[in-house]
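Here is what each chain is made of, one letter per residue.
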Amino acid sequence: MASTAPVIMRIMASSIQTAKLAGGIIRDVLKQGDLGIVDKGKNDPQTEADRSAQRCIIASLTKKFPGVKIIGEEGGSDLNVCDDWLVEDLDEEFLQKSCPAEWRDAKPEDFVIWVDPLDGTAEYTQGYVEHVTVLIGIAVKDAAVGGIIHQPFYQQPDGELGRTIWGLKGLGTGGFTHSLAPPGEFIITTTRSHSNALHQQALNAFPATKILKVGGAGFKVLQLLEGKAHAYVFATPGCKKWDTCAPEAVLEAQGGFLTDINGKNYSYNADVEHVNRQGVLASVGENHSELVYKIPRKVREAVGV
Ligand SMILES: O=P(O)(O)O[C@H]1[C@H](O)[C@@H](O)[C@H](OP(=O)(O)O)[C@@H](O)[C@H]1O
Ligand SMILES: [Mg+2]
Ligand SMILES: [Mg+2]
Ligand SMILES: [Mg+2]
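All values derive from a computational prediction rather than experimental measurement.

### Description of the pattern of salt bridges
Any two side chains of opposite charge can pair, on the condition that their charged atoms come close.
Moving on, step 1. According to the stated counting rule, one finds 14 salt bridges in the structure shown.
Moving on, step 2. The shortest N-O distance in the salt bridge between Glu 301 and Arg 297 comes to 3.2 Å. Taken as a pair, Glu 301 and Arg 297 lie in helix 9 (residues 297-302) at a separation of 4 residues, close to a single helical turn.
Moving on, step 3. Connected through salt bridges with shared partners, the residues Lys 40, Glu 73 and Glu 74 form a single ionic network.

### Some thoughts on the site of ligand 1
Moving on, step 1. Of all residues adjacent to ligand 1, which total 19 residues, the nearest are Asp 119, Gly 120, Thr 191, His 194 and Gly 216.
Moving on, step 2. Take Lys 220: an N or O atom from its side chain is 2.8 Å from an oxygen atom of ligand 1.
Moving on, step 3. A total of 440 Å² of accessible area belongs to ligand 1 in isolation, and the protein chains cover 93% of it.
Moving on, step 4. Among the detected pockets, ligand 1 sits in the largest pocket.
Moving on, step 5. Mapped by element, the contributors of at least two residues to the shell around ligand 1 are strand 4 (111-119), helix 4 (121-126) and helix 6 (217-225).
Moving on, step 6. Broken down by element, the residue count for the shell around ligand 1 peaks at 3 residues, all from strand 4.
Moving on, step 7. Taken together, the residues of the shell around ligand 1 break down into 5 nonpolar, 8 polar and 6 charged.
Moving on, step 8. Of the residues that make up the shell around ligand 1, three or more belong to each of domain 1 (2-174) and domain 2 (187-302).

### Some points on unusual backbone geometry
Negative phi is the rule for most residues except glycine; trans is the rule for most peptide bonds.
Moving on, step 1. Its identity as a non-glycine residue notwithstanding, Lys 42 has a phi of 50°, on the positive side.
Moving on, step 2. Following the sequence through the fold, Lys 42 ends up in the loop between strand 1 (38-39) and strand 2 (45-46).
Moving on, step 3. Even without a glycine there, the phi angle at Lys 141 is positive, about 55°.
Moving on, step 4. Relative to the elements of secondary structure, Lys 141 occurs in the loop between strand 5 (133-140) and strand 6 (143-155).

### With respect to the environment of Val 132
Moving on, step 1. Looking at the secondary structure, you find Val 132 in the loop between helix 4 and strand 5.
Moving on, step 2. In the structure, Val 132 is positioned 47 residues away from Trp 85 in sequence and 20 Å away in space, judged by C-alpha atoms.
Moving on, step 3. Contact partners of Val 132, with chain neighbours within four places excluded, come to Ile 26, Leu 118, Asp 119, Gly 120, Tyr 124, His 150, Gln 151, Pro 152 and Phe 153.

### Some remarks on helix 2 (residues 48-64)
Moving on, step 1. Given a rise of 1.5 Å per residue, 17 residues ought to cover 24 Å, and the 24 Å separating the end C-alpha atoms of helix 2 matches this to within 8%.
Moving on, step 2. Considering only its buried residues, helix 2 is in contact with helix 1 (7-32), strand 2, strand 3 (69-72), strand 4, helix 4 and strand 5.
Moving on, step 3. Residue Thr 47 occupies the N-cap position of helix 2, its side-chain oxygen lying 3.0 Å from the main-chain nitrogen of Ala 49.

Conventions used here
- Residues numbered from 1 in each chain as written.
- Chains lettered and ligands numbered in written order.
- Predicted model: local features only at pLDDT ≥ 70, side-chain atom pairs only at ≥ 80, totals over all residues.
- Heavy atoms only, no water.
- Salt bridge = Lys/Arg side-chain N within 4 Å of Asp/Glu carboxyl O.
- Helix = DSSP H or I, 4+ residues; strand = E, 2+ residues; numbered from the N terminus.
- Near = heavy atom within 4 Å.
- Polar contact = N/O pair within 3.5 Å; in protein donor to acceptor, adjacent residues only side chain to side chain.
- Areas by Shrake-Rupley, 256 points an atom, 1.4 Å probe, with all protein chains shown as cover.
- 1 Å grid on protein atoms, 1.4 Å probe; cavity = no way out; pocket = protein on both sides within 12 Å on 5 of 7 lines; lining within 4 Å.
- Sits in = over half its atoms within 2 Å of the grid points.
- Nonpolar A, V, L, I, M, F, W, Y, C, P; charged D, E, K, R; others polar.
- Domains from an automatic or database assignment.
- Contact = heavy atoms within 4.5 Å.
- Expected span 1.5 Å × (residues − 1).

Here it is in structure tokens:
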């Protein structure tokens, strides 16, 4: 079954397994105690967990899908990894699902996989491990289509650590229970560490009843998916295509939206600039366009200039 399934289904099924293995590496590095922190500049940390998780993910996916373009946050990686880090198996449960017709004939050269091996690095180094996710985004031509959001430190009811959430536009989502944020409130999830005056003006445009300041682009989107917030507002450049490709695909597979601050979708082809210059606005269960127009035009036009 695996070898005859459409390419996108095999990439998704492999990415689910690969994200889980990367999550184990991230937990192990923390347990070993030496994070090997390197500052990439402008207070942008990278740890041994980021580097090792990326090596595992890209080596596994490259071996399985040699014709597919893969872009990872941490740049070029040494892909000579031990066999334990090469994921061979595919998530069989996912492979049983039916492939949406629009993606069935997509060829390896149509794909770009955007990998954020550890989203929320700063939070990882500061102990906010709930904010940490592994993000594998699957773009077909320009569009974010499939996404895996793995949370290595999520505690299952039986005590096991880790959960893996997936979304494929046209098929749906899995790995979590979707709920909408409470009516009568307006809860915003946003940055805990990259605010500025313009971003604050955008926040002030909303009648927020609560503002959650957390790390991780992936974690903020999980808050939308699980009804802990109504909107994710980030009116400043800062996050990159590897931060948003997977979350956008999962949100949209759930009927939500992730756009720039003007309501425009980002492109995810291999040649786009990596920074999301016009910020992020994401929601599920809301009128997304209404959220865009709540932010004064002059504020929106100033973002990323
Ligand atoms: O993968 P990392 O570098 O941890 O990703 C970062 C994002 O690039 C950055 O935009 C986020 O900033 P905010 O916390 O201000 O939203 C950071 O949390 C991580 O997602
Ligand atoms: Mg990130
Ligand atoms: Mg990262
Ligand atoms: Mg980073």
